[in-house]
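# Structural overview
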There are 4 protein chains.
Amino acid sequence: HRIRDYGVEIGVLKPGPLNAITDVPGVKVGHFSHIKGGNIRTGATAIFPHDGNLIQEKVPAAIYVGNGFGKLGGYTQVKELGNLETPIILTNTLSVPTAVNAVIGYTLAQPGNETVRSVNAVVGETNDGYLNDIRLRDLSEEQVLYAIKAADTGRVREGNVGAGTGTVCFGFKGGIGTSSRILPEKAGGYTVGVLVQSNFGGVLQVAGVEVGKKLGHYSDSFKYAPDGSCMIVVMTDAPLNARNLERLAKRAMLGLARTGGIASNGSGDYVIAVSTAEECRIPYQSDDLVQTVPTLRNQAMTPLFLAVVEATEEAILNSLFAAENMTGHKGRTVEALPKEKVLQMLKEAGKIK
Amino acid sequence: HRIRDYGVEIGVLKPGPLNAITDVPGVKVGHFSHIKGGNIRTGATAIFPHDGNLIQEKVPAAIYVGNGFGKLGGYTQVKELGNLETPIILTNTLSVPTAVNAVIGYTLAQPGNETVRSVNAVVGETNDGYLNDIRLRDLSEEQVLYAIKAADTGRVREGNVGAGTGTVCFGFKGGIGTSSRILPEKAGGYTVGVLVQSNFGGVLQVAGVEVGKKLGHYSDSFKYAPDGSCMIVVMTDAPLNARNLERLAKRAMLGLARTGGIASNGSGDYVIAVSTAEECRIPYQSDDLVQTVPTLRNQAMTPLFLAVVEATEEAILNSLFAAENMTGHKGRTVEALPKEKVLQMLKEAGKIK
Amino acid sequence: HRIRDYGVEIGVLKPGPLNAITDVPGVKVGHFSHIKGGNIRTGATAIFPHDGNLIQEKVPAAIYVGNGFGKLGGYTQVKELGNLETPIILTNTLSVPTAVNAVIGYTLAQPGNETVRSVNAVVGETNDGYLNDIRLRDLSEEQVLYAIKAADTGRVREGNVGAGTGTVCFGFKGGIGTSSRILPEKAGGYTVGVLVQSNFGGVLQVAGVEVGKKLGHYSDSFKYAPDGSCMIVVMTDAPLNARNLERLAKRAMLGLARTGGIASNGSGDYVIAVSTAEECRIPYQSDDLVQTVPTLRNQAMTPLFLAVVEATEEAILNSLFAAENMTGHKGRTVEALPKEKVLQMLKEAGKIK
Amino acid sequence: HRIRDYGVEIGVLKPGPLNAITDVPGVKVGHFSHIKGGNIRTGATAIFPHDGNLIQEKVPAAIYVGNGFGKLGGYTQVKELGNLETPIILTNTLSVPTAVNAVIGYTLAQPGNETVRSVNAVVGETNDGYLNDIRLRDLSEEQVLYAIKAADTGRVREGNVGAGTGTVCFGFKGGIGTSSRILPEKAGGYTVGVLVQSNFGGVLQVAGVEVGKKLGHYSDSFKYAPDGSCMIVVMTDAPLNARNLERLAKRAMLGLARTGGIASNGSGDYVIAVSTAEECRIPYQSDDLVQTVPTLRNQAMTPLFLAVVEATEEAILNSLFAAENMTGHKGRTVEALPKEKVLQMLKEAGKIK
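To keep things clear, this report deals only with the structure shown in the data block. (Residues numbered from 1 in each chain as written. Chains lettered and ligands numbered in written order. Predicted model: local features only at pLDDT ≥ 70, side-chain atom pairs only at ≥ 80, totals over all residues. Heavy atoms only, no water.)

### Observations concerning the interface of chain B and chain A
For clarity, the threshold we go by: Pairs of residues are marked as contacts when any of their non-hydrogen atoms sit within 4.5 Å. By definition here, a salt bridge exists when the distance from a side-chain nitrogen of Lys or Arg to a carboxyl oxygen of Asp or Glu is within 4 Å. Strands are runs of DSSP state E lasting at least two residues, helices are runs of H or I lasting at least four, and both sets are numbered from the N terminus onward. We call Asp, Glu, Lys and Arg charged. Ala, Val, Leu, Ile, Met, Phe, Trp, Tyr, Cys and Pro are nonpolar, and the rest, Gly among them, are polar.
Chain B puts 46 residues into the contact, and the matching count from chain A is 45 residues. Inspection of the region where chain B meets chain A yields four salt bridges. Broken down by secondary-structure element, the contributors of at least two residues to the side of chain B that touches chain A are strand E3 (57-68), helix H5 (242-258) and helix H6 (302-322) of chain B. Take the side of chain B that touches chain A: its biggest share by element is seven residues, from H5 of chain B. Per-class residue counts for the side of chain B that touches chain A are 22 nonpolar, 13 polar and 11 charged.

### Quick notes on the side chain of Arg281 of chain B
Residue and element names in this part refer to chain B. Going by this rule: Per-residue accessibility, obtained with a 1.4 Å probe over protein chains only, is compared with the maximum for each type, and a residue is labelled buried under 20%, exposed over 50%, and partly exposed between these values. Charged residues are defined here as Lys and Arg on the positive side and Asp and Glu on the negative side; His and the ends of the chain fall outside this count. Identification of polar contacts relies on pairs of N or O atoms within 3.5 Å, with a donor-acceptor requirement for protein atoms, meaning one able to donate a hydrogen and the other able to accept it, and with residues adjacent in sequence counted only if both atoms are side-chain atoms.
Within the secondary structure, Arg281 sits in the loop between strand E12 (268-275) and strand E13 (282-283). Despite being buried, Arg281 has no salt bridge partner; Glu57 is the closest side chain of opposite charge, sitting 4.2 Å away. For Arg281, the side chain forms a polar contact with the main-chain oxygen of Thr276, separated by 3.1 Å. Excluding anything up to four places from it in sequence, Arg281 contacts His50, Glu57, Lys58, Val59, Thr276 and Gln291.

### Here's the deal with the interface of chain C and chain A
In many reports, interface size means the accessible area that the parts give up when they come together. Put simply, the test is: Accessible area that two parts lose when put together, evaluated with a 1.4 Å probe and summed over both, is termed the buried area.
Counting residues at the interface gives 31 residues for chain C, matched by 31 residues for chain A. Here chain C packs against chain A, burying approximately 2,200 Å² in sum over the two surfaces, 48% of which is carbon and sulfur. With a shortest N-O distance of 2.6 Å, Glu80 of chain A and Arg247 of chain C are connected by a salt bridge. At the level of elements, helix H1 (75-81), helix H5 (242-258), strand E13 (282-283) and strand E14 (290-296) of chain C are the ones that each hand at least two residues to the side of chain C that touches chain A.

### Focus: the relation of the copies chain B and chain A
Two chain copies, one operation linking them: a rotation about an axis together with a shift along it. Applied cut-off: To superpose the copies, least squares is applied to the C-alpha atoms of every residue with a pLDDT of at least 70 in both.
Least-squares fitting of chain B to chain A yields an RMSD of 0.0 Å, with the superposition described by an axial translation of 0.0 Å and a rotation of 180 degrees. In the structure described here, the two chain copies are related by an operation that fits a two-fold rotation axis. Here 98% of the interface residues in chain B have copies in chain A that are interface residues too; the copies meet face to matching face.

### Overview of the sheet that holds strand E5 (residues 88-92) of chain B
Residue and element names in this part refer to chain B. Rules: One bridge is not enough; two strands pair if DSSP finds at least two bridges between them. For helices, the fitted line uses only the C-alpha atoms of the stretch in contact; every axis is such a line through C-alpha atoms, and the angle between N-to-C directions lies from 0 to 180 degrees.
An order of E1-E2-E5-E6 is seen for the four strands of this open sheet, with the pairing classed as mixed. Across the chains shown, the open sheet's two edge strands, defined by having one partner strand only, are strand E1 (28-36) and strand E6 (122-126). Direction aside, the axes of adjacent strands within the sheet are offset by 15 degrees on average. The pairing of strand E2 (residues 40-48) with E5 spans three bridges and is antiparallel. Bridging across to E5, Thr45 finds its partner in Leu90. Where helix H2 (residues 96-109) meets the sheet, its contacts fall on E2, E5 and E6, and the angle it forms with E5 comes to roughly 155 degrees. Lying on the sheet, helix H3 (residues 141-150) is in contact with E1, E2 and E5; it crosses E1 at an angle near 145 degrees.

### What about the packing of aromatic side chains?
Two measures describe an aromatic ring pair: the distance that separates the ring centres and the angle between the ring planes. For the record, the criterion: Note on aromatic contacts: the rings of Phe and Tyr and the six-membered ring of Trp form a pair at centre separations within 6.5 Å, being stacked when their planes are under 30 degrees apart, edge-to-face when over 60 apart, and tilted otherwise. Whether a charge lies above a ring is judged from NZ of Lys or CZ of Arg, which has to be within 6 Å of the ring centre and within 35 degrees of the ring normal.
Taken as a whole, this structure holds 18 aromatic pairs over all chains when the rule is applied. Aromatic pair Phe170 of chain A and Phe200 of chain A: ring centres 4.9 Å apart, planes at 65 degrees, arrangement edge-to-face. One end of the pair, Phe170 of chain A, is in the loop between strand E7 (168-169) and strand E8 (172-173); the other, Phe200 of chain A, is in the loop between strand E10 (191-199) and helix H4 (211-215), with 30 residues separating them in the sequence. For Phe170 of chain A, a relative accessible area of 3% gives the class buried. Here Lys28 of chain B stacks its cationic end above the ring of Phe48 of chain B, 5.2 Å away from the centre of that ring.

### Concerning the pairing of strand E12 (residues 268-275) of chain C
Residues and elements named next belong to chain C. Basically, it comes down to this: Here is how to tell: hold the view so the strands point away, follow the path from the first strand over the helix to the second, and if it runs clockwise the crossover is right-handed.
Here E12 lies mainly inside the structure; eight of its eight residues are buried. Of the two faces of E12, the one carrying Gly268, Tyr270, Ile272 and Val274 and the one carrying Asp269, Val271, Ala273 and Ser275 are both buried. As paired strands, strand E11 (residues 229-236) and E12 are joined by six bridges and run parallel to one another. Bridged to Ile232 within E12 is Val271. After leaving E11, the chain enters H5 and then returns to the sheet as E12, a path that is right-handed.

### A few points about H2 of chain B
One turn of the α-helix equals 3.6 residues, which is why residues spaced by three or four share an orientation. What counts here: Every helix has an expected span of 1.5 Å times one less than the residues it contains.
Spanning 14 residues, H2 of chain B covers 20 Å between terminal C-alpha atoms, matching the ideal 20 Å at 1.5 Å per step. Burial analysis of H2 of chain B places 11 of its 14 residues in the buried class, the great majority of the element. When H2 of chain B is considered as a whole, its buried residues turn out to be Val96, Pro97, Thr98, Ala99, Val100, Asn101, Ala102, Val103, Ile104, Thr107 and Leu108 of chain B. Tucked inside the fold, the buried residues of H2 of chain B contact E5, E6 and H3 of chain B together with helix H2 (96-109) of chain C.

### A few points about the relation of the copies chain C and chain A
Between the two copies, chain C and chain A, the superposition gives an RMSD of 0.0 Å; the rotation angle is 180 degrees and the shift along the axis is 0.0 Å. Here 100% of the interface residues in chain C have copies in chain A that are interface residues too; the copies meet face to matching face.

### Considerations on the pattern of salt bridges
Opposite charge on two side chains allows them to pair when their charged atoms are near. Residues and elements named next belong to chain A. This model, assessed by the stated rule, comprises 52 salt bridges over all chains. Taking the shortest distance from any N to any O, the salt bridge between Glu210 and Lys213 comes out at 3.7 Å. Judged by its relative accessible area of 25%, Lys213 is partly exposed. By sharing partners, the salt bridges in this structure join Arg4, Arg181, Glu310 and Glu314 into a single network.

### A look at the packing of helix H2 (residues 96-109) of chain A against helix H2 (residues 96-109) of chain D
Stated formally: The scheme is simple: roughly parallel for angles under 35 degrees, roughly antiparallel for over 145, roughly perpendicular for 65 to 115, oblique for anything else. In this scheme the crossing of two helices becomes right-handed for a clockwise turn of the near helix relative to the far one and left-handed for an anticlockwise turn of less than a right angle.
Interaxial distance between H2 of chain A and H2 of chain D falls to 8 Å at its minimum, and their mutual angle equals 165 degrees. Judged by the angle between their axes, H2 of chain A and H2 of chain D are roughly antiparallel. Pair H2 of chain A / H2 of chain D crosses with left-handed handedness. Each of Pro97, Thr98, Val100, Asn101 and Ile104 of chain A in H2 of chain A lies in contact with H2 of chain D, whose residues at this interface are Pro97, Thr98, Val100, Asn101 and Ile104 of chain D. Residue composition of the contact of H2 of chain A with H2 of chain D, by class: six nonpolar, four polar and no charged.

Next comes the structure, spelled out in structure tokens:
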């Protein structure tokens, strides 16, 4: 059950049919979960903005750095050129180069890319080193390619899956979560989808209820480990340029804040925002110097901001509700959110009737 | 009564004795409220990091731009040099140049500044044009100087005062609000103080309770006016350099998010963060090429981040609790937050025993 | 005579008919030179991207900060929204607020702007406090408005005029300078125009000839005064979005570098870049959420980069060639570039046949 | 012979004894040149700021992005935390992940790093795909480790070596180049060293002489390939914090400009600046919340700016003077700079007596 299944509504906008990033037309997600022996608890998650050859049909994109204690690859080129030319991969901190290599190999091998000799792979990560023996770097290019090939539209698996296999959030088992919002017609009717890899700390709030405080479940030294991070991927079919995508990305951190996140010193919090609008695609080569593109006006951005705030909050909560107890490296166990207790608190606060 | 007087605790850290920005030793605040006839509802608020000659003893500072639809003066020099050399002034949008002129005049005239010929005045603003006939630009340099001279330590007036005289927040009367947090000794025992000029929109949450949604009191067109903004001033006695002050400033927006703010397109949301630590002051002139300064390590920043998130949330709520009904320009009235109803909601949610 | 009149060609691209920023169709420049008594040597220069109501028909714009020890107004809103809504004013450091007030007054008073209550004036400055008694702030709003009203297409006066009346560059009299480049047809045939207010230091190079070094005319303490700065305005009719305008602006600093500038600690070097392309104008109000605009592709930017580098170098040299000896505040005299000597050096280096 | 050996002096400051980045005490450089068969022309270059365990004794650092069409790894963490914790590796575009993996392996394996589970490898690149069959990604982790182990103080090999084995600059063979400057005692007596991997385009100027124009040797389409880039590494023993290191890094682009570089659209121009000052090292762990560090004052930065401009210009010229003809992938040959002709031009311009 996801949090909304219990009758808890986050925010005032409506989610899409799947309440997932895949509500944005064409978006695909694939996971590879790598659970091996007692000590490997990691994986990879791939997100595609469309089904075509991405380097030949780039998409407008921006990355916002919530806190930069992270190893995300691809930042500066996205910032400079305003576009994304590969699938987005999420994985663990020390497997970023492996995933970049996988994406480069995937891209070079695609039909039509025979002369490509520059690839800007966007690979994000969080550090799952508490449950996963991360120093072994036991994730192969083939396993990353599996996530790429597994990518599909439709329902998205959440919790202990893909890049979320070994992550920890607010001291509970975190993982992958997703949510979406659809704007009212007068605001454009666009869809905004969010997917998170939750691995961060703070003082947990669920729908405004101070769960972390009530449970006494937060770091009393306020020294969150350097492992704490959140990767956030935002997709929308609204026709946005890179400047407004960066503004949109920035708001996702406000959604994280509503769950009690504080972007601690050790966190690598990045938000990657992409417009999937077909008419905004950027061809690799063109005889034309000029491309004419529809662009949402600044004034129309506010509803999208609200949408991404709400969807990010709910995606994080979904990651916590979906994740299950996990035992891993050195026999450590991280327990799932105690849902019974939390639901009881939500009832007492009037969030569930 | 402030929100904490009703037994509502925001967050897990303790506030200082005054629960105000003036809990940071040496910090002074002064207001000038300009209420004239039926149409002028504006003012100025001045904040000083210390009592000395600021251009001769600059303080480490940073400004974070939450959303830049605003007219704040002084940004680029603070960014480049990492310091503040004047008091901070808050006022209305179209009175920024008047306030800058006042600060320049004030600085040039101070004893010891006879040869100064460059002054970087930091002046922030929000747009109070709904209640205030802002186009008249009816605020004088003298009135700004009044706020400067009125600056004092001790209790800070909140609500419809100074730069908050005519502001509107979540559709209710906004204004000035303040709060503080003190870190545990093992985290350094530092104080973090926040002062806000609240003038923004979103879907109001009070201590996690969805007040805006319950009251149906939010823009159903999601078209927040360009007037919506929040100025946030953060002071701390922790010895921070400009880089870590910018990181601290960034977290204040997470506190705003917890009140339901979304940094709408039309908002000018700026956070100015300053270290008041005496040993970090930067002399105007020095024979030494090198200055040796204590600097908080990156790893010690997390508790400060939590402090600024909590204090910002509470400062905004304090601004709403202190503000009172105001009638102004064109006979428009903005009502205060309906405290009775809100307190009832807080009780029902278990936030007040 | 301008440097090109002597047969010196800067770079490989061709200038426009006037070799001035006004080669870009529609661009207008106006000056007010304020020379009063023995001690006032300052002024204002106004640059318009088009002839219409700028706040109603905004233009795409970006500002690049070469070094931010300056008081430029309007930066953060241009960065956030990607547009310019007023004429650009250049003046002296302490007269920025006066100029902002003038621009606000001008904008509020324009027909059609009766309900406007937010104006983002872009006002740049350099510090002419060596020749000008800057602390007197003896420039009035009316004088700034004179520059605004004087703005016209056609030839641009250079040297000791407008905002360049009292400036100093490489230890010689600086001032206003301008230049332009026209791209080859296959690169789009666009025009790039540059106007500078030169007031900075370094080790002067003229067309690659080490004039400063040969003359021994540079600071042997390498302690350039905080007064040293360069304001650079770039206009182009190429259809650029804000992201590519920022990239274009960034290259102007490379042109400054070719004259021997080093962006010293005390400099406030800002580049404001604007696209004047009619089809890119941004209406203040619109019923459409989406605007369809032609945008130059990233791949077509390189020739524009070359153009702005060359035009900036030549504009700075033009400011030095046009400026004349000036005596001002405290009887100080700054001499013009010794053109005879410099031309002799250029001849010896084979730059002049 | 390097350019200075012919009597050409770049700038007004004096170089260090080796006129190399290794004039900065403790700095080490190592190369691995990978020339294999007819088609592999690439390599790796490693630069160390000191001899210790870098992750245990981090150094203050900053990265400036001149133009971000590149794949440099490690940017965001350096920006956020202000430090460098690994050696810097330069290589080719598609071998970045291999080099990152090599650096991670090297770091994890160092004595004292047994519990390290996060490593921010800083790896830069340019695209040598014209002479090197880059799609083969034929550089191994072992080969990168060879460059790391080969790192040493003393003279630095230039030209077709290490990461410069296959690069092209201004249409001539580029490669590795280095230079240094020593400040006068009254400016602190610090050393600034620069190392470049030159692979970019523009219109070549040598010591201000328009070599590219005279030879007609520049792209008449002004369409520089996406392969064009310059990696610049700056080391100094001046005690600088990250903010001032970023400012220093920014000036290196002004040095590039003096050689005729324009930071074309396709370039990935990055400057990595590091302070090697011992007292500024940042311990991985510390019981103290506060570290007291000497920091150069803003006012003392200008001579360092001049130094980095001059050293960057000369390092690029050194790379061109040292590089030799190279034949590679698909039988393509890139010729070295025609030194005889260039020296003749320099004589005619009076640069050589």
